[in-house]
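Close look at the chain arrangement
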Amino acid sequence: MYHETVASSTGKNWIVKLGSCWGGWDSNGNNPSYHSPGGYRIMRDYQIHFSGRDYTLPNFGDGLSIKERWNKLMMTSYRYLDITQCSDIGIVANWATVSENDVDGSLL
């Protein structure tokens with residue numbers, strides 16, 4: 001996750017990149033199958049329990065604890081899955097672009 005997590009332009013959101021060299025925000029596109037907030041919750045709890053293992057998520061210089069970093073990634077993933085759902089039947093698209101509103105940090 002260290003090399004596959006990308007902060008938004010404001011730093012309010014983090015998103016999982018699609019592999020080590022592409023994907024993420026805006027026109028880079030993103031695949032919902034890479035988002036697993038339930039799995040992130042388990043990884044967060046494991047890292048909290050075994051101290052000294054905070055190397056799996058990048059530190060973007062924002063002073064967040066490992067718990068706060070995982071929570072930020074989970075919340076962005078939940079928001080991403082929510083905004084990429086098809087409004088009439090609720091199915092998530094197989095590919096989507098996601099951007100951030102620079103004013104309030106909401107996802108577009």
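These notes cover the structure that comes with them.

Conventions we followed
- Residues numbered from 1 in each chain as written.
- Predicted model: local features only at pLDDT ≥ 70, side-chain atom pairs only at ≥ 80, totals over all residues.
- Heavy atoms only, no water.
- Helix = DSSP H or I, 4+ residues; strand = E, 2+ residues; numbered from the N terminus.
- Rg over C-alpha atoms; globule rule 2.2 N^0.38 Å.
- Buried < 20%, exposed > 50% of the residue type's maximum accessible area, 1.4 Å probe, protein only.
- Contact = heavy atoms within 4.5 Å.
- Lys, Arg positive; Asp, Glu negative; His and termini not counted.
- Charge placed at Lys NZ, Arg CZ, Asp CG, Glu CD.
- Polar contact = N/O pair within 3.5 Å; in protein donor to acceptor, adjacent residues only side chain to side chain.
- Salt bridge = Lys/Arg side-chain N within 4 Å of Asp/Glu carboxyl O.
- Core = buried A, V, L, I, M, F, W, Y, C linked by side-chain atoms within 4.5 Å.
- Expected span 1.5 Å × (residues − 1).

1. Things to note about the overall build of the protein
The secondary structure content of the protein amounts to two helices and four strands. When the elements of the protein are put in sequence order from the N terminus, they spell out β-β-β-α-α-β. At 14 Å, the protein has a C-alpha radius of gyration in line with the 13 Å of a compact globule built from 108 residues. In terms of overall dimensions, the protein has C-alpha extents of about 45 × 25 × 25 Å along its principal axes. Counting the 108 residues in the protein, one finds 34% classified as buried. By sequence separation, contacts in the protein at least 24 residues apart represent 55% of the contacts at least 6 residues apart. Charged side chains of the protein number 9 positive and 11 negative; the gap between the two group centres comes to 8 Å.

2. Description of the environment of Lys-67
Examined against the element boundaries, Lys-67 turns out to sit in helix H2 (residues 66-83). Measuring from C-alpha to C-alpha, the distance between Lys-67 and Ile-48 comes to 6.9 Å, with 19 residues separating the pair along the chain.

3. Describing the side chain of Thr-84
Following the sequence through the fold, Thr-84 ends up in the loop between H2 and strand S4 (96-98). A distance of 3.4 Å separates a polar side-chain atom of Thr-84 from the backbone oxygen of Leu-81.

4. Thoughts on the environment of Met-75
Tracing the chain through its elements places Met-75 in helix H2. Residue classification places Met-75 among the partly exposed residues on the basis of a relative accessible area of 41%. Distance from Met-75 to Ile-15, taken between C-alpha atoms, is 9.5 Å for residues 60 residues apart in sequence.

5. Remarks on the pattern of salt bridges
A complete count under the given rule lists one salt bridge for this structure. As a salt-bridge pair, Arg-44 and Asp-45 come within 2.9 Å of each other at their nearest N and O atoms. The buried category is assigned to Arg-44, whose relative accessible area is 11%. Its relative accessible area of 41% is what places Asp-45 among the partly exposed residues.

6. Here's the deal with the nonpolar core
Listed in full, the eight residues of the largest apolar core are Trp-14, Val-16, Tyr-40, Leu-57, Ile-66, Trp-70, Leu-73 and Met-74. Secondary-structure elements contributing two or more residues to this core are strand S2 (14-16) and H2. Ranked by size, the runner-up nonpolar core spans six residues in total, among them Ile-15, Trp-25, Tyr-80 and Val-98.

7. A closer look at H2
For H2, spanning 18 residues, the distance from its first C-alpha to its last is 26 Å, which sits close to the expected 26 Å at 1.5 Å a residue. Within H2, burial applies to Ile-66, Arg-69, Trp-70, Lys-72, Leu-73, Met-74, Thr-76, Ser-77 and Tyr-80.

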